[in-house]
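Observations on the three-dimensional arrangement
Here's the letter readout for the chains.
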Amino acid sequence: MSLPALSAAGATPSPSPSSSTAPVVPTLQDAQESATNAASWVEQNWSTWLAIGLRVLLILVIAAVLRVVVRRAITKLIDRMSRTAEAVDGTALGGLLVNVERRRQRSQAIGSVLRSVASFLILGTAALMVLASFQINLAPLLASAGVAGVAIGFGARNLVTDFLSGVFMILEDQYGVGDVIDAGVASGEVIEVGLRVTKLRGDGGEIWYVRNGEVKRIGNLSQGWATAGVDVTVRASENLDRVKATLDQVAERMSKDEPWNELLWGPIEMLGLDSVLLDSMVVRLSARTMPGKALAVERELRWRVKRAFDEADIHIVGGATAPVEEQPADPTATTAPPSAYANTASPQAEATAPIPPVRPPAK
């Protein structure tokens, strides 16, 4: 065997390198290459970013300016309505129009609704335009908003109903502060009008909170004019001409006295006999008055009629069916007249005496 073969056979194998490698340290050339790539990417997209930023900024600026302008225009409109109401109040036309407080609350409620709707529309449209500028698909967002709106509508349907009823009630001017209304569930004087709840002051001083969505019908007792009606019941034996003349004097005098000449919007008329019975008759008086003043006019008219009838010696009876005056009782009415049956010897007493039984003769 040759020497090279032996040396090759007896040589030990060299150790293999380990599986773990040392961390690669980036060189300066790699950093320069990365910076160059980033700069080139920024250089390629900076125009797009700048365009998107300017577009978003322009949308926000336009939305803010438009919102301020619209809200200020609405505020000026509401202030003009309030100034018009204040100028009219206190003049001759003031009694024919709503009072200042009612007009002010109504204008404030309408202004609040208009400002809220304007802000919602402007800001909502601006938000959608900003999202569209970032190339975001708005279809899923709008679909989700629609589903959420339907869910909220079903969950808060009473609140939505109250709000919508309040909006239409204010826009249609169905009633206002100072009006006396009959809302079905409650009645009284309106002290505050809101979009969701209306506050009423009852006859006993209590405050009723009525939800606008629960009101199905409204009876406004303070709009237009009211009617004062008084029924006077006199005896059927009274002279009708004298009764009519007395009532005409009362009506003429009351129409000239203050403050009833302002509360009465028409002459006091005697409509005639409302009913005629055997012992009484009812005379009806009627007059058109200022809204809400019918009860005061009726009380004053009754007062004056009673005093005039007392002076004219005309008797007023109570109720539609006056009781019949009873005649004084005769003291001898309870005394029985003398009877022929009191004397046992009289023929009448003997005729009514029982017949004695007949006995047979003794043998």
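Note that the structure is a prediction, hence the values are computed from the model and not measured.

**Notes on helix 8 (residues 294-312)**
When the terminal C-alpha atoms of helix 8 are compared, their 27 Å separation across 19 residues agrees well with the 27 Å that a helix rising 1.5 Å per residue should span. When we look at burial in helix 8, the residues that qualify are A294, V297, E298, E300, L301, R304, V305, A308 and F309. Looking straight down helix 8, one finds its buried side chains confined to an arc of 170°; they lie on one side. Residues of helix 8 that are exposed and point over 90 degrees away from its buried face: R299, W303 and R307. Where the residues of helix 8 are buried, they touch strand 6 (226-235), helix 6 (240-256), helix 7 (260-263) and strand 8 (280-289).

**Considerations on the packing of helix 6 against helix 8**
Contact geometry for helix 6 and helix 8: axes closest at 10 Å, N-to-C directions at 135°. In terms of axis orientation, helix 6 runs oblique to helix 8. For the element pair helix 6 and helix 8, the recorded crossing hand is right-handed. Contacts between helix 6 and helix 8 involve R242, V243, T246, L247, V250, R253 and M254 on the former and, on the latter, V297, E300, L301, R304, V305, A308, F309 and A312. When grouped by side-chain class, the residues that make up the contact of helix 6 with helix 8 number 10 nonpolar, 1 polar and 4 charged.

**Some remarks on the sheet that holds strand 4 (residues 207-211)**
Read from one edge of the open sheet, 5 strands run 4-3-2-1-5, paired in antiparallel fashion. Looking at strand neighbours, the two that pair on one side only are strand 4 and strand 5 (219-220), the edges of this open sheet. Note that strand 3 (residues 197-201) and strand 4 share 5 bridges and pair antiparallel. Bridge assignment links T198 to a residue of strand 4, and that residue is V210.

**Looking at the side chain of E238**
Here E238 lies in the loop between strand 6 and helix 6. Overall, E238 belongs to the buried group, its relative accessible area being 9%.

**Considering a positive patch on the surface**
A surface patch of like charges, here positive, comprises R72, K76, R80 and R83. Locating R72 in the fold gives a position in helix 2 (residues 28-88).

**Examining the sheet that holds strand 8**
In space, the 3 strands of this open sheet follow the order 6-8-7, with antiparallel pairing throughout. Each of the sheet's edge strands pairs with one partner strand only, and the pair in question is strand 6 and strand 7 (269-276). The average angle at which neighbouring strand axes cross in this sheet is 25°, direction not considered. With 10 bridges connecting them, strand 6 and strand 8 associate as antiparallel partners. Counterpart to T227 in the pairing with strand 8 is R288. Contacts from helix 6 reach strand 7 and strand 8, with the element oriented near 25° to strand 8. Lying over the sheet, helix 8 contacts strand 6 and strand 8, oriented at roughly 25° with respect to strand 6.

**Comments concerning the nonpolar core**
The nonpolar side chains of a soluble globular protein tend to be buried with one another. Core analysis: the largest hydrophobic core is formed by 25 residues, its most contacted members being L247, M254, I268, V297, L301, V305 and F309. Elements supplying a minimum of two residues to this core: strand 6, helix 6, helix 7, strand 8 and helix 8. Among the elements that make up this core, the one with the highest residue count is helix 8 (6 residues). Each residue touching L247, except ones within four places of it in the same chain, is listed here: M270, V283, L285, V305 and F309. Counting residues in hydrophobic clusters, the runner-up holds 14 residues, among them Y175, V193, L200 and V210.

**A few points about a nonpolar patch on the surface**
A surface patch of nonpolar side chains, amounting to about 670 Å² of accessible area, comprises W46, L50, L54, L57, V61, V65 and V69. Given a relative accessible area of 44%, V61 falls into the partly exposed group.

**Points about the environment of T233**
For T233, the location among the structural elements is in strand 6. Taking the relative accessible area as the measure of exposure, T233 reaches 11% and is therefore buried. Put simply, T233 and V317 are 84 residues apart on the chain and 5.8 Å apart in space, counted from C-alpha to C-alpha.

**What to know about the pattern of salt bridges**
Scanning the entire structure with this criterion turns up 14 salt bridges. With a shortest N-O distance of 3.5 Å, E252 and K256 are connected by a salt bridge. With E252 and K256 both in helix 6 and 4 residues apart, this pair spans about one turn of that helix. Among the ionic pairs, E298 bridges to R302, the shortest N-O distance being 3.7 Å. Here E298 pairs with R302, and both are found in helix 8, just 4 residues apart, close to one helical turn.

**Topic: the confidence of the model for the protein chain**
Across the protein chain, pLDDT averages 77, with 72% of residues at or above 70. Predicted confidence in the protein chain is weakest over helix 1 (residues 3-10), with a mean pLDDT of 44, and strongest over strand 4, with 92. Between residues 1-12, whose pLDDT stays under 50, and residues either more than four places distant or in other chains, the model counts 1 contact. Under a pLDDT of 50 for its full length, residues 89-98 has, in the predicted model, 7 contacts with residues more than four places off or in other chains.

Definitions and limits used
All residue numbers refer to position in the chain's written sequence, counted from 1. Per-residue local features are limited, in this predicted model, to residues with pLDDT of at least 70; the limit for side-chain atom pairs, both in listing and counting, is 80 or more; totals at the level of whole chains, interfaces and linings are taken over all residues. Calculated side-chain values reflect all of the structure's heavy atoms, with hydrogen atoms and water omitted. In DSSP terms, a helix is any run of H or I states spanning at least four residues, a strand is any run of E spanning at least two, and both are numbered starting from the N terminus. Expected span, for any helix, means 1.5 Å times one less than how many residues it has. Classification of residues uses two cut-offs on accessible area relative to the type maximum, computed with a 1.4 Å probe and protein chains only: under 20% is buried, over 50% is exposed, and between them is partly exposed. It is the directions from the helix axis to the C-beta atoms that the arc portrays. Contacts between residues were defined by any pair of non-hydrogen atoms, one from each residue, lying within 4.5 Å. The axes are straight lines fitted to the C-alpha atoms, using for helices just the contacting stretch, and the angles between their N-to-C directions are given from 0 to 180°. Any angle between 65 and 115 degrees counts as roughly perpendicular, while under 35 counts as roughly parallel, over 145 as roughly antiparallel, and the rest as oblique. Handedness of a helix crossing follows the sense of rotation of the near helix relative to the far helix, less than a right angle counterclockwise being left-handed and clockwise being right-handed. In this classification, the charged set is Asp, Glu, Lys and Arg, the nonpolar set is Ala, Val, Leu, Ile, Met, Phe, Trp, Tyr, Cys and Pro, and all remaining amino acids, among them Gly, are polar. A pair of strands is considered paired only if DSSP assigns at least 2 bridges between the two. Grouping into patches uses exposed residues only, defined as over 30% relative accessible area, and leaves out salt-bridged ones; the cut-off is 9 Å for like charges and 5 Å for nonpolar side chains (Val, Leu, Ile, Met, Phe, Trp, Tyr). Methods summary: accessible areas were calculated by the Shrake-Rupley approach with a probe of 1.4 Å, and residue burial reflects only the protein chains presented. Here a salt bridge means any side-chain nitrogen of Lys or Arg lying within 4 Å of a carboxyl oxygen belonging to Asp or Glu. In this tally Asp and Glu are treated as negative and Lys and Arg as positive; neither His nor the chain ends contributes. By convention, the point assigned to a charge is CZ for Arg, NZ for Lys, CD for Glu and CG for Asp. For this analysis, a nonpolar core means a set of buried residues of the types Ala, Val, Leu, Ile, Met, Phe, Trp, Tyr and Cys, connected via side-chain atoms within 4.5 Å. What pLDDT conveys is the predictor's confidence in a given residue, as a value from 0 to 100.

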